[in-house]
Structures are given as structure tokens and as C-alpha cells.
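Chain and residue survey
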Amino acid sequence: MSNTRAIRLGSPEEYTQLLDQYDTWMFDCDGVLWQGERLIPGATEVLRMLREKRKKVIFVTNNATKSRKNYKVKFDQLGVEAHVDEIYGSAYATAVYISSVLKLPKDNKVYVIGQSGLEDELRDEGISFLGGTDPQDCTTTTPFSLSSFTPDPSVAAVICGLDTSITYTKLSKAFKYLTLNPACHFIATNQDSTYPSADGLLPGAGAISAPLRYALGKDPLVVGKPAKTMLDCIKAKVHFDPKRTIMVGDRLNTDILFGQAGGLATLLVLTGITLESEISGPNPSPIVPDYITNSIGDFLVAA
Ligand SMILES: O=C(O)[C@H](O)[C@H](O)COP(=O)(O)O
Ligand SMILES: [Mg+2]
């Protein structure tokens with residue numbers, strides 16, 4: 001159920017009231033906890049406060065460049081307490097979707113547009129793959145030649161995630177797999193249009209799959225937020241009461257829609273993608289969170 005008006009948090013009492021009202025706190029990562037490698041001020045202290053108040057903390061990111069284990073390393077390097085079974089990324093959710101929902105036969109392979117974190121999650125789920133970080137697919141020195149490309153007949157799905165080494169070769173191989181075999185699954189880890197790096201916006205995973213969507217004239221199945229697949233992955237491992245759970249995110253059309261679809265409360269922060277003008281400008285978004293605050297650090301007033 002979408003709201004007509006969001007509550008803009010401001011007084012210490014309002015922050016304290018939210019802390020009392022919700023037992024499980026689901027956090028998006030990019031644009032909420034950090035921008036690239038730069039932590040959002042106060043994020044570490046607020047997470048520590050939530051744990052001291054015995055709240056459940058879960059991290060839910062559409063960023064498919066890292067595996068759960070990679071994210072654990074990032075959290076450790078940034079000095080933020082986190083445990084692997086609290087971390088849910090779209091790379092993990094995509095691997096689980098392929099193995100447990102699609103139930104792709106183990107002798108099938110997937111062709112990957114994506115980075116090592118996605119490969120690691122596929123490997124952990126026992127899924128064979130081609131492409132990804134394979135140097136011959138990441139090179140731009142030798143132009144792609146269809147005559148010298150022999151498609152692997154066991155490829156039954158193409159997965160597309162954020163890939164900072166995207167090449168025409170990868171797009172061409174993915175295109176061939178998806179056109180040669182009409183039954184080949186077209187799957188996107190997520191569709192975020194942009195990525196909030198420490199130094200500004202960059203094209204996101206949605207901008208990586210866009211050339212394929214345009215060339216094929218069809219959209220992929222999207223695993224990441226706002227799809228319920230991510231919440232299903234969390235439910236499979238963590239017990240929580242949706243009525244006492246809040247989703248904290250920076251993007252309206254992924255994080256807030258994800259929370260609303262899951263029956264969770266939603267809190268939008270303005271340290272990532274969403275701009276103030278999208279909420280209170282002349283043409284505000286129809287997606288309205290329950291609560292808004294500038295930054296997750298604002299909760300320190302309730303410490
Ligand atoms: O794919 C992308 O564009 C980025 O990974 C995007 O920033 C998603 O990360 P999240 O905000 O869900 O952590
Ligand atoms: Mg985000």
C-alpha cells in the first residue's frame with residue numbers, strides 16, 4: 001500500500017520512536033551506508049547502536065559486483081560489524097534463483113556479463129559459467145568476429161550485472177546465445193540505472209543490460225530489488241516479522257518499492273540517488289516512503 005505523504009523525521013523523539021517500533025532493520029548499501037569506499041558519516045555508530053539495542057540488522061544490496069564473502073571483507077575493512085549471513089546481494093540471489101527456482105540442470109552453463117563477485121556466487125551454487133572475467137571476453141584489442149565464435153551449446157542462460165569491463169565481445173556473445181536459442185533465459189541481477197560512487201554518479205547495472213534489451217527488443221527477468229526474490233532469499237535464512245521490520249534505502253524504484261512489496265515499513269535517506277526535488281518538487285514521484293531523513297547518521301540523536 002503506497003502512502004500519500006511521507007513523515008519527515010526531525011526530533012529526537014521521532015527517531016527514538018522508530019527505534020522502539022522496529023525490531024529488524026534492513027539496510028541497502030550503496031548510497032545508504034557508503035558511497036563507493038567512503039562511509040556515510042555516522043553509519044558505523046548507528047549500526048553499533050542498533051546491535052546494542054538487540055535489533056536484527058540485514059544488508060540488502062543490488063550491487064552484484066561482490067559476493068557475500070567479498071562484502072564481509074569490505075565491511076571489515078571499513079570497520080563495520082557484519083556477518084556473512086546478514087548480507088544479501090543480487091549476485092547471491094541470482095545464483096540461488098538459477099539453482100533453486102529455475103533448477104537449471106548442472107550440465108547447463110550460463111554466460112556472464114559481470115564481475116568476479118557474481119562468478120564466486122555462481123561457483124558456490126555449483127553453476128558452470130562462461131564469460132565474466134575471462135580475459136578473452138574482456139579484451140578490446142581483438143575485435144569480435146562472429147565467424148570465429150563457436151557458441152557453447154550447453155549455455156542455457158545469460159546473466160547481466162554491473163560490469164566495469166563490459167565489451168562489445170561480451171554483448172555480442174550474450175546476444176548470440178539469446179537469439180540462437182529462444183529458450184535461453186535472459187536474467188538481470190538488477191536494473192539500477194545509476195550507481196552512486198564516492199565521486200558522483202556512474203552508469204549502473206541497468207545501463208549495462210540496456211544495449212541487450214534494445215538489440216533483442218525484450219526485457220530480462222530481474223532478480224534484484226524491487227523483485228521479491230531477494231526477500232525470499234532472506235526469509236529462507238532469517239526469521240523476522242514484516243510488521244516490525246523497516247527497509248532503509250536511497251532509491252525509490254528499488255529499495256522503497258521492495259519494502260512496500262514485502263509489507264515492510266520504508267525509510268528513504270537522501271545520501272544516495274534520490275534527490276529532494278523528487279519528493280517535494282513540482283512533480284514528486286508517485287512512490288512515497290513512510291519516512292524520510294537526510295542520512296542514516298541522523299539516528300545518532302536517539303543514541
Ligand atoms: O548495480 C548498480 O547500479 C549498483 O550496484 C547499485 O548502486 C545498487 O546498489 P545498492 O544501492 O542496492 O546497494
Ligand atoms: Mg542504494
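From a predicted model like this one, the values you see are computed outputs, not experimental measurements.

A few words on the overall build of the protein chain. Check the secondary structure of the protein chain and you find 11 helices and 16 strands. For 303 residues, the compact-globule estimate of 2.2 N^0.38 gives 19 Å, and the C-alpha radius of gyration of the protein chain, at 20 Å, lies within 12% of that figure. Looking at the protein chain as a whole, 53% of its 303 residues are labelled buried. Restricting to contacts in the protein chain with at least 6 residues of sequence separation, those with at least 24 account for 73%. Accessible surface, the protein chain: about 13400 Å² in total, of which carbon and sulfur atoms supply 55%. Where the 30 positive side-chain charges of the protein chain centre and where its 34 negative ones centre are 4 Å apart.

The coordination sphere of the magnesium ion (ligand 2), as far as protein atoms go, consists of Asp28 (OD), Asp30 (O) and Asp250 (OD), spread over 2.0 to 2.1 Å. Summarised as a motif, the one-chain spacing of the donors to the magnesium ion (ligand 2) is D-x1-D-x219-D. Exposure remark for Asp28: the relative accessible area of 4% places this residue in the buried category.

Turning our eyes to something else, we now look at the site of ligand 1. Around ligand 1, the structure places 16 residues, and the nearest of them are Asp28, Asp30, Thr61, Asn62 and Asn190. Between an oxygen atom of ligand 1 and a side-chain N or O atom of Thr61, the distance comes to 2.6 Å. Isolated, ligand 1 exposes 350 Å² of accessible area, and the fraction of that covered by the protein chains is 98%. Looking at the shell around ligand 1, its residues break down into five nonpolar, six polar and five charged.

The next thing to look at is the UniProt feature "binding site: substrate" (unreviewed entry) in the protein chain. Taking the UniProt record as the reference, the feature "binding site: substrate" (unreviewed entry) is found at Lys225. Inspection of the secondary structure assignment puts Lys225 in the loop between β13 (221-222) and α9 (229-235). Judged by its relative accessible area of 1%, Lys225 falls in the buried class. Residue contacts for Lys225: discarding those within four places in its chain leaves Asp28, Val60, Thr61, Asn62, Met230, Met247, Thr254, Asp255 and Phe258.

In this structure's numbering, the residues bearing the UniProt feature "active site" (unreviewed entry) are Asp28 and Asp30. Looking at the secondary structure, you find Asp28 in the loop between β2 (24-27) and β3 (34-35). Discounting residues that sit within four places of it in the chain, Asp28 has contacts with Leu33, Val60, Thr61, Lys225, Met247, Val248, Gly249, Asp250 and Asp255. Positionally, Asp30 belongs in the loop between β2 and β3. Residues in contact with Asp30, not counting those within four places in the same chain, are Thr61, Asn63, Tyr195, Pro196 and Asp250. Side-chain polar atoms of Asp30 contact the side chain of Trp34, separated by 3.0 Å.

For helix α4 (residues 90-101), a buried count of 10 out of 12 residues is recorded, marking the element as mostly surrounded by other parts of the structure. Every buried residue of α4 is accounted for by Ser90, Ala91, Tyr92, Ala93, Thr94, Ala95, Val96, Tyr97, Ile98 and Ser99. Once α4 ends, the next one or two residues include Lys103, with phi positive near 55°.

Reading guide: rules and limits
Residues numbered from 1 in each chain as written. Chains lettered and ligands numbered in written order. Predicted model: local features only at pLDDT ≥ 70, side-chain atom pairs only at ≥ 80, totals over all residues. Heavy atoms only, no water. Helix = DSSP H or I, 4+ residues; strand = E, 2+ residues; numbered from the N terminus. Rg over C-alpha atoms; globule rule 2.2 N^0.38 Å. Buried < 20%, exposed > 50% of the residue type's maximum accessible area, 1.4 Å probe, protein only. Contact = heavy atoms within 4.5 Å. Areas by Shrake-Rupley, 256 points an atom, 1.4 Å probe, with all protein chains shown as cover. Lys, Arg positive; Asp, Glu negative; His and termini not counted. Charge placed at Lys NZ, Arg CZ, Asp CG, Glu CD. Donors = N, O, S within 2.8 Å, 3.2 Å for Na, K, Ca; no water. Near = heavy atom within 4 Å. Polar contact = N/O pair within 3.5 Å; in protein donor to acceptor, adjacent residues only side chain to side chain. Nonpolar A, V, L, I, M, F, W, Y, C, P; charged D, E, K, R; others polar. UniProt positions renumbered as here; feature names shortened; annotations may be inferred.

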